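# Structural description and commentary
Below, each chain spelled out in residue letters.
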Amino acid sequence: MREECGVVGILSTEGEDVSSHIYYALFSLQHRGQESAGIATFDGSRIRVHKDMGLVSEVFNGDKLKLLRGDRGIGHVRYSTTGPSTPENSQPLTISFRGGTIAVAHNGNIVNSTKLRRALEEDGHIFLSESDTEVIAHLLAKELLRKDIVDATRELMKRLIGAYSLTILINDTLVAIRDPNGFKPLCIGKVNGTHVVASESVAIDVLGGKLIRDVKPGELLIIEEEVESYQIVRSPSTSQCVFEFIYFARPDSIIDGKLVYDVRLRIGERLYEEYGIEGDLVCPVPDSGVTSAIGYSLASGIPFLEGLIKNRYVGRTFIMPHQRLRDAGVRLKLNVVRRNVEGKRIILVDDSIVRGTTSRRIVQMLRDAGAKEVHLMVGSPPIIAPCYFGIDMPTREELIAAHKSVEGIKTVIGADSVNYLSLEGLIEAVGIPERRLCLACLTSRYPVEVPGEICVRRQVRLTHF
Ligand code: SF4
């Protein structure tokens, strides 16, 4: 599973160029997208953009940043959501219209984008990419011809269904928008005279700034000398993605008032409270299982010891065509510390199981190194349904828990036991009420209407102001 995107928006009230700030902020969000990166700034007369395929460090250098003049701008890192991974689909996405230029950076996925796009095409709009972000840009441009930014955003929010945390330049105006369900995180902070909006608070930390607060679900921010806030839509229930806490976000980020590290620690403690399985060492699947493994170790008193070491320099690996070489690919990423695991009962902690193939290979590697028992503790309930809100997740058929019982999964993976965190345990660890969380991939009940899926809360219940 992969998070799809990270967004940034920065404005210096002291007239400083902000491209370097955006560059550093994107670096801190690199875990949210590694296929392409881009920055758009307003240089005083027009919007300038540089974007390309690759990591932030590959796309930008000092010379390129110097060309991106301007005291306000947006940035984006991306995996592909809607549309293939091509330069045309990289962001920020810009369109020109009668009122000027719009540049958009988007994290999320618009569920009804095909329908919206068809209607716009019938109206004569021409699309240059396959991305749902272009649909957002066209809808906004259309409304801006008749309305101011606040009213145009209100119309935009009435039309869009799905997940969208956005930073946008409308000519020289920087705005930030979070969808009414609040699927994806978005927060605002300040570094001296500079306003920073970003997917995660680590982007504010890296600039030496201070997190002020989360952008509220349904809120529009217009960022100038001061930040103006407009609560465009109010909803009785929101749907913050629970997997940000389990896996996607960095543990040092604060999302919706919760330090992700604390949540993961609590997940590990709770796994011990729920199962009480004893062993000789608690070993994480690095890196995502580390904090929960520490939690399990603290709660149980079983020593935390690394049994697997991750090669941090393996980036995106080419998918090997043969099974034997694919297994070598896993060994390239992870290696066993034989001395730590030989003859031991291992409590192996991972954040989740998706297809089960990686877990099976890891358990086999530990057994090959002489582990006596391997008990897999999973920091989430079984993933039984796909995500439509901006997470790159396999289809239902490929999700192991969608068609196998826990006992069946144990057999496939080859562990002595497989132990999933309960849904109640997860909600308690996150510390946010269930009615404010999206749990759709764990429950198969979707918070907004998705064709062919069961919907538990409908968008039409939202109140537009
Ligand atoms: S379906 Fe799962 S991954 Fe997708 S937004 Fe909801 S909780 Fe997050």
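Keep in mind that this is a model prediction, so the values were computed, not measured.

Here we come to the overall build of the protein. Secondary structure summary: the protein contains 17 helices and 29 strands in total. Counting only C-alpha atoms, the protein reaches 70 × 50 × 45 Å along its principal axes. Burial statistics for the protein: of 465 residues in total, 57% are counted as buried. Considering only contacts in the protein between residues 6 or more positions apart, those separated by 24 or more positions represent 68%. When the accessible surface of the protein is split by element, carbon and sulfur atoms take 50% of a total near 18800 Å². Charged side chains in the protein number 57 positive and 59 negative. The centres of these two groups are separated by 3 Å.

Around the ligand, the structure places Cys241, Val242, Cys387, Phe389, Ile391, Cys438, Ala440 and Cys441. For the shell around the ligand, the class distribution of residues is 8 nonpolar, no polar and no charged.

Along the chain, the position of arginine 396 falls in the loop between strand E24 (391-392) and helix H14 (400-403). By relative accessible area, which is 28% here, arginine 396 ends up partly exposed. Aside from chain neighbours lying at most four places away, what touches arginine 396 is Ile384, Ala385, Pro386, Tyr388, Ala402, His403, Ser444, Tyr446 and Glu453. There is a polar contact of 3.3 Å between the side chain of arginine 396 and the side chain of serine 444.

Throughout the structure, instances matching the rule amount to 9 aromatic pairs. When the ring of phenylalanine 183 is compared with that of phenylalanine 389, the centres are 4.2 Å apart and the planes differ by 20°; the resulting orientation is stacked. Pair noted here: phenylalanine 183 is in the loop between strand E9 (173-178) and strand E10 (187-191) and phenylalanine 389 is in the loop between strand E23 (373-378) and E24, with a separation of 206 residues, a long-range link. Of the residues examined, phenylalanine 389 reaches a relative accessible area of 2% and is grouped as buried. Counting every residue linked through ring pairs, the aromatic cluster contains Tyr23, Tyr24, Phe27 and Phe60.

With that settled, consider a negative patch on the surface. On the surface, a cluster of negative charge is contributed by Glu14, Glu16, Glu225 and Glu226. By the element assignment, glutamate 14 lies in the loop between strand E2 (5-12) and helix H1 (19-28).

With that settled, consider empty space enclosed by the protein. Inspection of the entire model under this criterion finds 3 cavities of 30 Å³ or more. Approximately 120 Å³ is the volume found for the largest cavity. Lining the largest cavity are 15 residues, with Cys241, Cys387, Ile391, Cys438 and Cys441 positioned closest to its centre. Mapped by element, the contributors of at least two residues to the lining of the largest cavity are helix H8 (243-248) and helix H17 (440-443). Here the lining of the largest cavity is composed, by residue class, of 14 nonpolar, no polar and 1 charged.

Here we take up unusual backbone geometry. In this chain, glutamine 91 is followed by proline 92 through a cis amide linkage whose omega measures 5°. Its location among the elements puts proline 92 in the loop between strand E5 (72-78) and strand E6 (93-97). A cis amide bond links proline 286 to the next residue, aspartate 287, at an omega of -5°. Secondary-structure assignment places aspartate 287 in the loop between strand E19 (281-284) and helix H10 (290-300). At asparagine 192, a position not held by glycine, the phi torsion is positive, near 50°. Within the secondary structure, asparagine 192 sits in the loop between E10 and strand E11 (194-198).

Quick look at the pairing of strand E25 (residues 417-420) now. Residue alternation in E25 divides its side chains into two sets, Ser417 and Asn419 and Val418 and Tyr420, and both sets are buried. Where E23 lies against E25, 4 bridges are found, and the strand directions are parallel. Of the residues in E25, the one forming a bridge with leucine 376 is valine 418.

Turning our eyes to something else, we now look at the domain arrangement of the protein. The domain boundaries assigned to the protein delineate domain 1 (2-239) and domain 2 (262-429). Centre-to-centre separation of domain 1 and domain 2, based on C-alpha positions: 34 Å. On the side of domain 2, 6 residues touch domain 1, which itself brings 14 residues to the contact. Here domain 1 meets domain 2 over a buried area of about 860 Å², counting both sides, of which 52% is carbon and sulfur. Linking domain 1 with domain 2 are 0 salt bridges, by the criterion used here.

Let's shift gears to the sheet that holds E9. Whenever strands of a sheet pair, they do so through backbone hydrogen bonds, lying parallel or antiparallel. Across the sheet, 6 strands lie side by side as E6-E7-E8-E9-E13-E14; this open sheet has antiparallel pairing. If you trace the sheet from one side to the other, it starts and ends with E6 and strand E14 (227-231), each paired once. Mean inter-strand twist for the sheet, computed between neighbouring axes without regard to direction, equals 20°. When E9 meets strand E13 (residues 219-223), the two strands line up antiparallel, connected through 4 bridges. Residue pairing for E13: leucine 174 is matched across the bridge by isoleucine 223.

Another aspect to go through is the packing of helix H9 (residues 260-275) against H10. One can describe the packing of H9 onto H10 by two numbers: an axis separation of 6 Å at closest approach and a directional angle of 45°. Between H9 and H10, the angle falls in the class oblique. Of the two elements, H9 crosses H10, and the hand of that crossing is right-handed. Here Tyr261, Arg264, Leu265, Ile267, Gly268, Glu269, Leu271 and Tyr272 of H9 lie close against H10, whose contacting residues are Thr291, Ser292, Ile294, Gly295, Tyr296, Leu298, Ala299 and Ser300. Across the contact of H9 with H10, the residue classes tally to 9 nonpolar, 5 polar and 2 charged.

Analysis parameters
All residue numbers refer to position in the chain's written sequence, counted from 1. With the structure being a predicted model, the display of local features is reserved for residues of pLDDT at least 70 and the display and counting of side-chain atom pairs for 80 or more, all residues being used for whole-chain, interface and lining totals. Where side-chain values are given, they derive from all heavy atoms of the structure, hydrogens and water being excluded. Secondary structure is summarised from DSSP: a helix means a run of H or I of at least four residues, a strand means a run of E of at least two, and numbering begins at the N terminus for each. A simple rule labels every residue: compare its accessible area, found with a 1.4 Å probe on the protein chains alone, to the largest value its type can have, and call it buried under 20%, exposed over 50%, or partly exposed in between. We call two residues contacting when some pair of their heavy atoms lies within 4.5 Å. The Shrake-Rupley method, run with a 1.4 Å probe sphere, supplies the accessible areas, and residue values consider only the shown protein chains as cover. The charged-residue count follows a simple rule in which Lys and Arg add positive charge and Asp and Glu add negative charge, with His and chain termini not counted at all. Where a charge sits is defined by one atom per residue type, namely NZ (Lys), CZ (Arg), CG (Asp) or CD (Glu). Residues are labelled near a given molecule or strand when at least one of their non-hydrogen atoms is within 4 Å of it. Three residue categories are used. Nonpolar comprises Ala, Val, Leu, Ile, Met, Phe, Trp, Tyr, Cys and Pro, charged comprises Asp, Glu, Lys and Arg, and polar comprises the others, including Gly. What qualifies as a polar contact is a pair of N or O atoms within 3.5 Å, subject to a donor-acceptor requirement within protein and to the restriction that residues adjacent in sequence count only when both atoms come from side chains. Stacked, tilted and edge-to-face pairs are distinguished by plane angle, under 30 degrees for stacked and over 60 for edge-to-face with tilted covering the rest, among Phe, Tyr and Trp rings (Trp via its six-membered ring) whose centres lie within 6.5 Å. The patches described consist of residues with a relative accessible area above 30% and no salt bridge, like charges being joined within 9 Å and nonpolar side chains (Val, Leu, Ile, Met, Phe, Trp, Tyr) within 5 Å. One speaks of a salt bridge when a side-chain nitrogen belonging to Lys or Arg is within 4 Å of a carboxyl oxygen belonging to Asp or Glu. A cavity here means a set of points on a 1 Å grid, drawn over the protein atoms and nothing else, where a 1.4 Å probe fits but cannot get out; a pocket is an open set with protein on both sides within 12 Å along at least five of seven lines, and a residue lines either one if it has an atom within 4 Å of a point. Grid points are joined across faces, edges and corners, and a volume is the space filled by probe spheres set on the points. When DSSP finds two or more bridges between a pair of strands, those strands are recorded as paired. These domain boundaries are the output of an automatic or database domain assignment. Here the buried area means the combined drop in accessible surface, using a 1.4 Å probe, for two parts upon being joined, counting both sides. Between the N-to-C directions of two axes lies an angle of 0 to 180 degrees, each axis being a line fitted to C-alpha atoms and, for a helix, fitted only over the stretch in contact. Throughout this description, any angle smaller than 35 degrees is read as roughly parallel, any larger than 145 degrees as roughly antiparallel, any in the 65 to 115 degree range as roughly perpendicular, and the remainder as oblique. Should the near helix be turned anticlockwise from the far one by less than a right angle, the crossing is left-handed, and should it be turned clockwise, the crossing is right-handed.

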